[in-house]
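The residues making up each chain are set out below.
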Amino acid sequence: MTVLGELALWIALPVAIWGMVLAFVGGKHGRGDLVLSAERSVYAVFALLVTASAGIVAAFLGNRYEYLYVASYSNRALDTFYKASGLWAGQRGSLLFWVVLLAFFSSVAVFTNRNKNREFMPYVSGVLLTVITFFIIVLLFADVNPFEKLGFTPADGQGLNPQLQNYWMTIHPPTLYLGFTSFTVPFAFAMSALLSGRLDSRWIVVTRRWTLLSWFFLANGIIFGMRWAYQELGWGGYWFWDPVENASLLPLLTATAFLHSVMIQEKRGMLKVWNMALVTLTFSLTIFATFLTRSGLIDSVHSFAQNTKISFIFLGFLATIIGVSTVLIIHRYPQLKSETEIQSFVSRESAFLFNNLMLLAVAFAIMWGILLPLLSEGLTGEAIQVGAPFFNRVNLPIGMVLLALVGIGPVIAWRRASKRNLTKNFTIPLLVGITVVGIFAIRGSRHWMALTTFGISAFVMTVIVVEFFKGTRARARIEGEGIPRAFVHLVARNRRRWGGYIVHVGIVMIFTAFAGAAFNVKVIQTLSPGQSITLASPLGHDYTLTYEGMSSSRGRNMVWQAVALMSIDRDGRRVGSITTEKRLYETWPTPMTEVGIHSTPFEDVYVILANADDLIAGAYENDPAAQRATFEFQINPLVGWIWYGGLVLTFGALIAMWPSQGPLPEVRQTAARREAVPAAVGAD
Amino acid sequence: MFKNRRFFIGLVGVAAVVTYLIWTGVSETMVYYMTPVELMARTTSDPSLHQVGIKVSGRIVKGSWELVSGEELIHRFAVEDLEDPGVAFPVVYQGLLPDTFNDHENVEAVVEGRFREDGVFEATSVLTKCGSRYEASSEELAG
């Protein structure tokens, strides 16, 4: 199976190149037969890459340690679940995984458009196959072939880093990669529009769901990563402002900007060049993020490899993407003129544009922070770095403005907002926001950044709730429906709009959670069994945690596991218990920490076993006198709202993406069009 | 596109505010990033560097880790240069060390903090990169 997989990877290269050439030639000369052949090679490449991936998975499951990649990320005792996910555990497999996902999305794009949008498809297939070809070349020729053999067969593998043996870590990379790869489809359509000269809003309408799908995966991928960091890294935080985290955030920011600015083009025929630039930028950033994770160019806890060959190949590819798209945009510039102009500073267009500027400002600041060490070293020979304080300082104020725009954008009028429009829509939400800040201030809170965020959040939530209320009431009155029915129909009739509002609710929840971190409590304390510590929660009650003792057990793949048990009382009433552990894995030299988390809707109690006097005597031999241990105790208010917000956001995005019922009229007339289209494309 | 002059002014205003935020952000939060060899040379020639934030990338000296206080989680260890292991300096750090920290394998570490005038590095954060464990070389697998 594994040999077959390697063979499939080699065969995929000529097939992809063949298809790429045919797609461009067929598109240029209007040869439908060539285009059809190119589309078939998309499916073929997908099948071949699936075979290659299956080969790697089979090697993991079959303990084939003669393969360097398998030996580096697995061992016999590893759970089957983590063996199977070895495909994306390291650089080599991840790159294969990346391209197989891209081939999957390419196949879906080609298949769903087999009878429609034919005028775009030749170049779409061509662009998709170009990106696929690039990744296959990287896999085969940049010293990252996952099928590389060692030349001998070790008895066992090195095992998987225990920190990566976590459910969230298993689904975090694939989700992020789904987001990265699916964005290639909107990019391919944009390039196709530029190449074929079909520069109206069609390419945007066609790829609307793709963009949303990609955004949805990116957002969830990042949230899963935060969840992993919170549970596994054992310091109670979820975001490091680490270069690789930042790199994954960049395409999310620009994709968010793109999702909003395309609406302006659809509704008002403006921002055409801007949208082309944004789609190119976002796609480039997905490649940049993939590259940064897997190249080691910049110091980061995430970047594993130090392979300079791959850096040059990736940078070359990035430069090509940006260069070619720029040339195409300049070439088509006369056809990308705006059909209308912005009429007023106080209008929805203006709010959307402002939202775009803010998102790009955040992206720019983050990019600056990532590249600063390289730039400063290159220019002055002296490396300068910035970390969390820089990113917080710059991004917090911009983030608050963005949050406010979430409330302003949806209700401010198009073209030119009247005074009446403004007072009608914003009086109540503003009052609610100010009241919230007032209540917190009266109760003695002086953390102004957090208070402002809470106030803005309340403002935005009110705007959204009022919108839902007004829409439902109007529908109930006009259609004579009951309130629940009217509500469902309201959302169903304009899923994109109302789904988008639900996504906004999720975003507000997540921002509120970020602000909650301003009130975190953190105490380090050493306890003997029976002793307890009392912590005052910022929500006004007390938690008493009693250290009950330490026990030992032996989990799979572990030498030992020392488990400290802690009971939790809230205001004198028992509410639960927590365990926190040290584990020594068979394949890892040092004990790993497992934190204990007691989650409630408004706060988490988070305990870390920091140090034990004598783990062996205390836990292993069950000697209470030796069980004295040092813990870090944290109370993290609102942190759970990030995960709840993620669920709300997912729900909203699914509503917005859900296909409309029944075939659209344009789909039915396609049989005739399919024949006619290649000629039309060739006319360019 | 921007016939409206107010709009153009707004745009310039935004750009100015963002530039200001980034500029002051960098100048007030930046740290120098150096190797142990550079740290020794630079602080000798410019003692004012003892007062500013510095980030040093090196390797944990084998056998150098000592838990000064288990109750207060005060750690002491030494970091050496990756290329010139003769150059090393002591580090004190209070807090939780990452799980990948140890002093018996070749662990690369990045410490951030202040290099005191008495030659001790007072770290506010310690990051470890257990490079060999993420991407094994064939020699290590053979061993």
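Residues numbered from 1 in each chain as written. Chains lettered and ligands numbered in written order. Predicted model: local features only at pLDDT ≥ 70, side-chain atom pairs only at ≥ 80, totals over all residues.

**Q** Teacher, can you tell me more about the overall build of chain B here?
**A** Scanning chain B for helices and strands turns up four helices and seven strands. Secondary structure elements in chain B, listed N-terminal to C-terminal, are α-β-α-β-β-β-β-β-β-α-α. Every one of the 143 residues in chain B was classed for burial, and the buried ones make up 33%. Relative to all contacts within chain B whose residues are 6 or more apart in sequence, the contacts with residues 24 or more apart total 43%. (Helix = DSSP H or I, 4+ residues; strand = E, 2+ residues; numbered from the N terminus. Buried ≥ 20, exposed ≤ 12 C-beta atoms within 10 Å, placed from the backbone. Contact = placed C-beta atoms within 7 Å.)

**Q** What's the story with the nonpolar core in this structure? I'm lost.
**A** Formed by 233 residues in total, the largest nonpolar core has its most connected members in A:Ala12, A:Val45, A:Val99, A:Ile132 and A:Phe135. It is helix H9 (residues 202-232) of chain A that contributes the most residues to this core, 18 residues altogether. (Core = buried A, V, L, I, M, F, W, Y, C linked by C-beta atoms within 7 Å.)

**Q** Got a minute to help me understand the interface of chain B and chain A in this structure?
**A** Interfaces are often sized by the amount of accessible area the parts lose when they come together. Across the contact, 39 residues belong to chain B and 49 residues belong to chain A. If you tally residues by element for the side of chain B that touches chain A, the top one is helix H1 (residues 5-29) of chain B, at ten residues. Its residues assigned to classes, the side of chain B that touches chain A comprises 21 nonpolar, nine polar and nine charged. Bridge analysis of strand E1 (residues 384-385) of chain A against strand E1 (residues 31-34) of chain B gives two bridges, and the strand direction is antiparallel. From the neighbouring strand, A:Gln385 faces E1(B), where its bridge partner is B:Val31. (Nonpolar A, V, L, I, M, F, W, Y, C, P; charged D, E, K, R; others polar. Pairing = 2+ DSSP bridges.)

**Q** Before we go on, may I ask you to explain the confidence of the model for chain A in this structure?
**A** Low-pLDDT stretches of the model should not have their predicted coordinates read in fine detail. Residues and elements named next belong to chain A. Mean pLDDT over chain A works out to 89, with 94% of the residues at or above the 70 mark. Confidence over residues 300-305 falls short of pLDDT 50; this stretch has 25 contacts with residues more than four positions distant or in other chains. Across residues 662-684 the pLDDT falls below 50, and counting only partners more than four positions away or on other chains, this stretch makes 27 contacts in the model. (pLDDT = per-residue confidence, 0-100.)

**Q** Teacher, can you tell me more about the sheet that holds strand E2 (residues 521-527) of chain A here?
**A** Backbone-to-backbone hydrogen bonds join strands into a sheet, with any given pair of strands oriented parallel or antiparallel. Residues and elements named next belong to chain A. The four strands lie next to each other as E2-E10-E9-E8, forming an open sheet whose pairing is antiparallel. The outermost strands of the open sheet, each flanked by one partner alone, are E2 and strand E8 (596-599). On average, each strand axis in the sheet is tilted by 20 degrees relative to the strand beside it, whichever way the strands run. Sheet topology note: the E2/strand E10 (residues 629-637) ladder contains seven bridges and is antiparallel. When the sheet's bridge partners are listed, Val523 is paired in E10 with Phe633. (Axes fitted to C-alpha atoms, helices over the stretch in contact; angles between N-to-C directions.)

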